[in-house]
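# Per-entry structural report
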Amino acid sequence: MPRPFRHPVPLEIGGAELRDLVSACMDRLAPWLDGLNEQPAHSLDGSHKVARAFDEPMPERGVPFRRVLARLFDRAIPVSLNPASPGYLGYIPGGGLPSTALADLIADITNRYTGLWMPAPGLVQLEISVIRWFCTLAGYGPSAGGWLCSGGSMANLAAVVTAREAKLGEDIDRGVLYTSEGAHHSISKAARVAGLPRRNTRVVPVDASFRLRRDELARAVAADRAAGLRPFMVVAQAGSTPVGAVDDLAALADVCAEEGIWLHVDAAYGGFFLLTARGRGALAGIERADSIALDPHKGLFLPYGTGCLLVKELATLRAAFSEAAAYLPPSQEDQEHWDFADLGLELSRPARGLRIWLPVWLHGASAFREALDEKLDLARDAAARVRALPGVRIVAEPELSLFAFRVEPPGMNATEFDAFNRRVLARVNQRKRLMLTGTTLRDPALGEEVFVIRVCVLCFRTHADRMDMLLEDLADAIADPRG
Ligand SMILES: *Cc1c(COP(=O)(O)O)cnc(C)c1O
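What you see is a predicted model; the values in this text were computed from it and never measured. (Residues numbered from 1 in each chain as written. Predicted model: local features only at pLDDT ≥ 70, side-chain atom pairs only at ≥ 80, totals over all residues. Heavy atoms only, no water.)

Further remarks concern the nonpolar core. Ranked by size, the top nonpolar core spans 90 residues in total, and within it Phe 134, Val 265, Ile 292 and Leu 310 carry the most contacts. Contacts of Phe 134, omitting those with residues within four sequence positions, involve Leu 148, Phe 272, Leu 294, Pro 296, Leu 300, Cys 308, Leu 310 and Ile 356. Counting residues in each nonpolar core, the second largest holds 30 residues, with Phe 403, Met 412, Val 455 and Val 457 among its members. (Core = buried A, V, L, I, M, F, W, Y, C linked by side-chain atoms within 4.5 Å. Buried < 20%, exposed > 50% of the residue type's maximum accessible area, 1.4 Å probe, protein only. Contact = heavy atoms within 4.5 Å.)

Following this line, the structure appears as structure tokens:
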């Protein structure tokens, strides 16, 4: 039994007290982790009630830690979607590696400053090393570099700013950005935040595999040039969020090279499949992109809070983000020593590299590669079995580990399909063994907006048994079209 913690809690926690506090957390976390397989994949009953319970003023005095933990574990945490669950197949999962929590604990207790190289050269260098691992994965050369940030949206924002600086300088108003129908909304948000006029974002049509059409892109670029505008950036998908589509990156790289346009690949969902042979095949050509967004909190299974922007030329990031300040040490100028403050939007920042470095050293790259390969297998096999269910049409094949489908029972009026698919989704989710999500999209087969159900397999805890549950729950849900 850890001894009771002194009350009220002093700010200066010593080693013995820290051990007790961590141990009290572990008393909650260990059973929680061991019970994860049995936990519901989502449970939002009592949402408003629980939210109200936490709407309270700042306490003047500390309360015993176990009581604080009880409120978290008994009240706040259970009422939620459960992205840590192996049954969470909605949106884009990841799971949340517990080993990253160890890195966060170390980083937070030691509190080193990693905004610049000088104050913590070892920690900064290990983060540079992590970014270089990613550059190697992407097929980038020695002049490449990058920046770890809070997530894919931030990485996309930094990419738009970097491309804008490189291609437009201060002539922003005439700049045009091209993306496709399935692009993540963080792209248009980034364009807006980067100061581009909203009228200058083009959504280029996609083909039957949801891939940005090269001919349509070339046509749009030509039309914009004829109108006196300045096409400067194409954002391609390497695993789109709605359906997991992977653009023909080599073809888009050809267009961009001919036109002098910056090619950014949003690989926030799909990028880490580069660890696998199949992923490298699907993402061929990515090495020709000027920049790439990755999301370690998706494809490397990290807990939320880490995204990454890679650039083919580190100098382009420096050109976009470096600033001098008389109160700071002078910036590092060479290729070896990076100041992260000169490569992104932040000055003070957490030691993000450690969240990736520690798990990779602990588990080895092969553990990640095997897990990702397993997800590719699970999605491919599940899609084949789902296709065999009565009335199912696969709308988007699993290019990686995400597919989308629709149930179109014979005898049902086409106008009833959407409502029926929403019912199927609700019925599957009702059992809480799984959490699926849907989306509306323009179905290339029909040329119409339709509602589809998505399955995204990207939690390291998801295995074949969950895919069996998926098939069972889906088969039951579609068994009674009128019900
Ligand atoms: C998730 C995602 C993003 C946004 O990343 P966040 O980490 O949620 O900010 C951007 N693009 C794609 C393709 C994504 O899947």
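If you trace the four strands from one edge of the open sheet to the other, you get β10-β11-β13-β12, paired in antiparallel fashion. On the outer flanks of this sheet lie β10 (392-396) and β12 (437-443), each paired with one strand and no other. Strand-to-strand, the axes of this sheet are offset by a mean angle of 45°, without reference to chain direction. Of the strand pairs in this sheet, β10 and strand β11 (residues 402-407) are connected by four bridges, and their pairing is antiparallel. Looking across to β11, one finds that Ala 396 is bridged to Ala 404. Sitting on the sheet, helix α14 (residues 365-387) is in contact with β10 and β11, with an inclination near 10° to β11. Of the strands in this sheet, β11, β12 and β13 (448-456) are in contact with helix α15 (residues 417-430), which crosses β13 at around 20°. (Pairing = 2+ DSSP bridges. Helix = DSSP H or I, 4+ residues; strand = E, 2+ residues; numbered from the N terminus. Axes fitted to C-alpha atoms, helices over the stretch in contact; angles between N-to-C directions.)

Attention shifts here to the site of the ligand. Around the ligand, the structure places 15 residues, and the nearest of them are Ser 153, Asp 266, Asp 295, His 297 and Lys 298. Between the ligand and Thr 241, the relevant distance is 3.0 Å, taken from an oxygen atom to a side-chain nitrogen or oxygen of the residue. Asp 266 places a polar side-chain atom, nitrogen or oxygen, 2.7 Å from a nitrogen atom of the ligand. Mapped by element, the contributors of at least two residues to the shell around the ligand are α6 (152-167) and α11 (296-299). (Near = heavy atom within 4 Å. Polar contact = N/O pair within 3.5 Å; in protein donor to acceptor, adjacent residues only side chain to side chain.)

A grouping of Val 63, Val 68, Leu 72 and Ile 77 is seen on the molecular surface, where their side chains present a nonpolar patch of about 260 Å² in accessible area. With respect to the secondary-structure elements, Val 63 resides in the loop between α2 (47-53) and α3 (65-76). (Patch = residues over 30% accessible without salt bridge, like charges linked within 9 Å, V, L, I, M, F, W, Y side chains within 5 Å. Areas by Shrake-Rupley, 256 points an atom, 1.4 Å probe, with all protein chains shown as cover. Salt bridge = Lys/Arg side-chain N within 4 Å of Asp/Glu carboxyl O.)

In this section: the pattern of salt bridges. Any two side chains of opposite charge can pair if their charged atoms end up close together. Considering all chains together, one arrives at 36 salt bridges under this definition. Ionic pairing is found between Asp 377 and Arg 380, a salt bridge with its closest N-O pair at 3.3 Å. You can see Asp 377 and its partner Arg 380 sitting in helix α14, three residues apart, about one turn around the helix. Under the relative-accessibility criterion, Arg 380 is labelled partly exposed at 45%. With its nearest N and O atoms 2.6 Å apart, the salt bridge here joins Arg 393 to Asp 443. With Arg 393 in strand β10 and Asp 443 in strand β12, the pair connects residues that are 50 residues apart, well separated along the chain.

The subject of this paragraph is the sheet that holds strand β5 (residues 201-204). Read from one edge of the open sheet, seven strands run β3-β9-β8-β7-β6-β4-β5, paired in mixed fashion. Edge positions in the open sheet fall to β3 (145-149) and β5, since each of these has one partner strand only. Here the strands of the sheet are splayed against their neighbours by 20° on average, with no regard to which way each runs. Bridge analysis of strand β4 (residues 175-180) against β5 gives four bridges, and the strand direction is parallel. Among the inter-strand pairings, Thr 179 is bridged to a residue of β5, identified as Val 203. Lying over the sheet, helix α8 (residues 214-226) contacts β4, β5 and β6 (230-237), oriented at roughly 165° with respect to β4.

The set of residues buried in helix α7 (residues 185-193) consists of Ser 186, Ile 187, Ala 190 and Ala 191. One side of α7 holds all its buried residues, which, seen down the axis, span an arc of 140°. What points out from α7, more than 90 degrees from its buried face, is the exposed set His 185 and Val 193. One or two residues past the end of α7 sits Gly 195, with phi positive at roughly 90°. (Arc of directions from axis to C-beta.)

Here we take up the environment of Gly 353. Among the secondary structure elements, Gly 353 is positioned in helix α13 (residues 353-363). The buried category is assigned to Gly 353, whose relative accessible area is 1%. Along the primary structure Gly 353 and Arg 28 are separated by 325 residues, whereas in three dimensions their C-alpha atoms are 27 Å apart. In contact with Gly 353, not counting residues within four places along its chain, are Leu 126, Glu 127, Val 130 and Leu 148.

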